[in-house]
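If you want the building blocks of each chain, they are given just below.
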2 protein chains.
Amino acid sequence: MPETPQRSLAALIFNGFETLDLFGPLEMFGTLEDRFAITLVAETAGSVVSRHGQSVVPDATFSDDERYDMLLIPGGRGTPIENARPLVDGWLAEQSATAELVLSVCTGSGLLARNGLLDGHRATTNKMAFDWVAGFGPNVEWVPKARWVEDGKFFTSSGVSAGMDMALAVIERTVDRTAAERVAKITEYDWHDDADWDPFSKLL
Amino acid sequence: MPETPQRSLAALIFNGFETLDLFGPLEMFGTLEDRFAITLVAETAGSVVSRHGQSVVPDATFSDDERYDMLLIPGGRGTPIENARPLVDGWLAEQSATAELVLSVCTGSGLLARNGLLDGHRATTNKMAFDWVAGFGPNVEWVPKARWVEDGKFFTSSGVSAGMDMALAVIERTVDRTAAERVAKITEYDWHDDADWDPFSKLL
């Protein structure tokens, strides 16, 4: 028997999601398949096209009435931040209320912020889109220099590649340090394990 | 008009391809959409499932009779290395003969090696599967310590994450240094731009 339970992880996908925001963390979690069971969730059935043109087929839709232990919200051009999207907003609020952990990469935190889910929390986002995203969460304590920010059930990362460092930190929290280091080794990934490491904050 | 032409890039996908082997490099190339036009190519139509369970829809199949400027061959459990696969082998030989550049990530170089495409060339591969892959290419000069190896038209990278560093090196060669640095900045990626940097060689 595994030392820690297997957690269900729902990764939200939408047209225009940033490719590596999604697949970087999924590589890390997926390497520990006995610990994390990944489901790609979209608003409706039918394939979704990434920011770079790859068609991906969701495993589930909002209407499936499933609950997940963890959520992963990528960012990218298609992130539905600017305008309310009742189905997305409803799913996010409902799932976040019961999820053990809610993770976002890049501008994905803007979607959480617009829905008030990060109110009173510390959070970060993409450095080149920082001010724009921060505008959607006036009651969020936005952290300008961070590879990722952990605050309660929320892990929010900086842009794109930062999602992989955050995913390993989530593995450290939910499984243990050894497991996170093992995944980094298997994927030959140079893990930046310091949440305060952020050379990209100078882009602000 | 762009300073350099747009190149067509065919990324081979098969059941069990390693998720980040494919999507890491595609994030980098895809960020320069005016320079690289990405096509996912599979043996046959219908979705392909990654090593971590994500279903991806190919844009083209072997029978489409298209030629591409660049090939990207990921690795992973499903890489058809051990046994001859006439359709895959034929496509690879035909495309490699005319492509300007042939790239592989992780155990993807084993597929090139088994088909004799790397004979007389320097190449590398995943460090945990190094000896196994090297066995498929007795006439290849395998390099045990390298993040990636560039030799003529071939770029072969080490495991998984190394594909992103290699992709940026390919962007440097085909476009220029400034473009590679810009992609790294946009994706907040800490580019290891030294091909000899390889802390994972100690896993051998």
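What you see is a predicted model; the values in this text were computed from it and never measured. Position labels on residues start from 1 in each chain and follow its written sequence. Ligands are numbered from 1 and chains lettered from A, in the order in which they are written. Local features are withheld for residues below a pLDDT of 70 in this predicted model, meaning they are given only at 70 or higher, and side-chain atom pairs are given and counted only at 80 or more; totals for whole chains, interfaces and linings count all residues. With hydrogens and water excluded, all non-hydrogen atoms of the structure serve as input to the side-chain values.

Colleague: So what exactly am I meant to see when it comes to the overall build of chain A here?
Modeller: Per the secondary structure count, chain A includes 6 helices and 11 strands. Computation of the radius of gyration draws on C-alpha atoms alone. For the globule rule, the value is 2.2 Å times the number of residues to the power 0.38. Against the compact-globule benchmark of 17 Å for 204 residues, chain A has a radius of gyration of 16 Å, which places it among compact chains. By principal-axis analysis of the C-alpha atoms, chain A measures approximately 45 × 40 × 35 Å. Taking all contacts inside chain A whose residues are at least 6 apart in sequence as the whole, residues at least 24 apart take part in 68%. Per-residue and other accessible areas follow the Shrake-Rupley method at a 1.4 Å probe size, with only the shown protein chains counted as cover for residues. When the accessible surface of chain A is summed, it comes to about 7500 Å², and 48% of that surface belongs to carbon and sulfur atoms. Placing the 17 positive and 31 negative side-chain charges of chain A at their respective mean positions leaves the two points 3 Å apart. Every helix listed is a DSSP run of H or I at least four residues long, and every strand listed is a run of E at least two residues long, numbered separately from the N terminus. Every residue pair with non-hydrogen atoms within 4.5 Å of one another is taken to be in contact. In summary, the charge assignment counts Lys and Arg as positive and Asp and Glu as negative, without counting His or the chain termini. Here the site of a charge means atom NZ of a Lys, CZ of an Arg, CG of an Asp or CD of a Glu.

Colleague: Can you walk me through helix α1 (residues 19-31) of chain B in this structure?
Modeller: Helical periodicity: at 3.6 residues per turn, an α-helix aligns residues three or four positions apart in one direction. The span expected for a helix works out to 1.5 Å for each residue beyond the first. Its 13 residues give α1(B) an end-to-end C-alpha distance of 18 Å, which sits within 8% of 18 Å, the value for a rise of 1.5 Å per residue. Relative accessibility thresholds used throughout: buried, under 20% of the residue-type maximum; exposed, over 50%; partly exposed, between the two (1.4 Å probe, protein chains only). Of all 13 residues in α1(B), 13 are buried; the element is thus mostly enclosed.

Colleague: Would you explain the pairing of strand β6 (residues 70-73) of chain A in this entry?
Modeller: On a regular strand, each side chain points to the face opposite its neighbour's, so the side chains alternate between the two faces of the sheet. Residues and elements named next belong to chain A. Of the two faces of β6, the one holding Met70 and Leu72 and the one holding Leu71 and Ile73 are both buried throughout. Two strands form a pair only when DSSP identifies at least two bridges running between them. Here 3 bridges tie strand β1 (residues 7-12) to β6, and the two strands are oriented parallel to one another. In the sheet register, Ala11 faces β6, and the bridge partner there is Leu72. Where β6 lies against strand β7 (residues 101-104), 4 bridges are found, and the strand directions are parallel. When the sheet's bridge partners are listed, Leu72 is paired in β7 with Leu103. For crossovers, right-handed means that the path from the first strand over the helix to the second runs clockwise, given strands pointing away from the viewer. Running through helix α2 (residues 86-98), the crossover from β6 to the neighbouring parallel element β7 is right-handed.

Colleague: What should I look at first to understand helix α6 (residues 177-186) of chain B in this one?
Modeller: All names here are of chain B. Ala179, Ala180, Val183 and Ala184 are the residues of α6 that are buried. Each buried residue of α6 lies within a common arc of 140 degrees when the element is viewed along its axis, so the set occupies one face. The positive-phi residue at the C-terminal boundary of α6 is Glu188, with phi of around 50 degrees. An arc is given here, and it is the one of the directions from the helix axis to the C-beta atoms.

Colleague: Looking at this structure, I do not really get the side chain of B:Gln95. What am I missing?
Modeller: Tracing the backbone shows B:Gln95 in helix α2 (residues 86-98). In this structure, B:Gln95 is in contact with B:Glu66, B:Arg67, B:Tyr68 and B:Leu71, ignoring residues within four places of it in sequence.

Colleague: Is there a simple way to think about the interface of chain B and chain A in this case?
Modeller: How big an interface is tends to be reported as the loss of accessible area on association of its parts. Across the contact, 44 residues belong to chain B and 43 residues belong to chain A. Salt bridges are defined as contacts in which a side-chain nitrogen from Lys or Arg sits within 4 Å of a carboxyl oxygen from Asp or Glu. At the boundary of chain B and chain A, one finds 4 salt bridges. Between A:Arg51 and B:Glu33 there is a salt bridge whose closest N-O contact spans 3.6 Å. As used in this structure description, the phrase polar contact means that two N or O atoms lie within 3.5 Å; if the pair is within protein, one of them must be able to donate a hydrogen and the other to accept it, and residues adjacent in sequence are counted only when both atoms belong to side chains. For the pair chain B and chain A, the number of links is 14 residue pairs in polar contact (both at pLDDT 80 or more). Broken down by secondary-structure element, the contributors of at least two residues to the side of chain B that touches chain A are α1, β2 (36-42), β4 (55-57), α5 (162-174) and α6 of chain B. For the side of chain B that touches chain A, the leading source of residues is α1(B), giving 9 residues.

Colleague: Where do I start with the packing of helix α1 (residues 19-31) of chain A against α1(B) in this structure?
Modeller: A fitted line through C-alpha atoms represents every axis, and for helices the fit uses only the stretch in contact; the resulting angles, taken between N-to-C directions, go from 0 to 180 degrees. Relative to each other, α1(A) and α1(B) sit at 155 degrees, their axes nearing to 9 Å. The orientation of α1(A) relative to α1(B) falls into the category roughly antiparallel. Here α1(A) and α1(B) pass one another in a crossing that is left-handed. Across from A:Thr19, A:Leu20, A:Phe23, A:Gly24, A:Glu27 and A:Met28 in α1(A), the residues of α1(B) making contact are B:Thr19, B:Leu20, B:Phe23, B:Gly24, B:Glu27 and B:Met28. Residue polarity is assigned by list, with Asp, Glu, Lys and Arg as charged and Ala, Val, Leu, Ile, Met, Phe, Trp, Tyr, Cys and Pro as nonpolar; anything else, Gly included, falls into the polar class. Split by residue class, the contact of α1(A) with α1(B) holds 6 nonpolar, 4 polar and 2 charged. The cut-offs work like this: below 35 degrees is roughly parallel, past 145 is roughly antiparallel, 65 to 115 is roughly perpendicular, and the gaps in between are oblique. Definitions for this section: a left-handed crossing has its near helix turned counterclockwise from the far helix by less than a right angle. A right-handed crossing has that turn clockwise.

Colleague: When you look at the sheet that holds strand β2 (residues 36-42) of chain A in this model, what are you seeing that I'm missing?
Modeller: Residues and elements named next belong to chain A. Spatially, β5-β2-β1-β6-β7-β11-β10 is the arrangement adopted by the 7 strands of the open sheet, whose pairing is mixed. If you trace the sheet from one side to the other, it starts and ends with β5 (60-61) and β10 (148-151), each paired once. The pairing of β2 with β5 spans 2 bridges and is parallel. Counted as the bridge partner of Val41 is Ala60 from β5. Contacting β1, β2, β6 and β7, α2 crosses the sheet at an angle of about 145 degrees to β6. Where helix α5 (residues 162-174) meets the sheet, it contacts β1, β2, β6, β7, β10 and β11 (154-157), and its direction lies at approximately 155 degrees from that of β11.

Colleague: What is the right way to read the packing of α1(A) against α5(A) from this model?
Modeller: For any two helices packed against each other, one specifies the crossing angle of their axes together with the interaxial distance. All names here are of chain A. For the pair α1 and α5, interaxial distance at closest approach is 8 Å and the crossing angle is 30 degrees. Here the hand of the crossing between α1 and α5 comes out right-handed. Across from Leu20, Gly24, Pro25, Met28 and Phe29 in α1, the residues of α5 making contact are Gly163, Met164, Ala167, Leu168, Val170 and Ile171. Residues belonging to the contact of α1 with α5 are distributed by class as follows: 9 nonpolar, 2 polar and no charged.

Colleague: Before we go on, may I ask you to explain empty space enclosed by the protein in this structure?
Modeller: Over the atoms, a rolled probe matching the size of one water molecule traces out where space is still vacant. In this analysis the probe radius is 1.4 Å and the grid spacing 1 Å, with only protein atoms considered; a cavity is a set of points the probe fits into but cannot get out of, a pocket is an open set with protein on both sides within 12 Å along at least five of seven lines, and lining residues have an atom within 4 Å of a point. Grid points are joined across faces, edges and corners, and a volume is the space filled by probe spheres set on the points. Counted under the stated rule, the structure contains 1 cavity of 30 Å³ or more. Counted as a void, the largest cavity has a volume near 40 Å³. For the largest cavity, the full set of lining residues is A:Arg147, A:Tyr189, A:Asp190, A:His192, B:Arg147, B:Tyr189, B:Asp190 and B:His192. Here the lining of the largest cavity is composed, by residue class, of 2 nonpolar, 2 polar and 4 charged.

Spatial relationships are all this shows, so hold off on functional conclusions.
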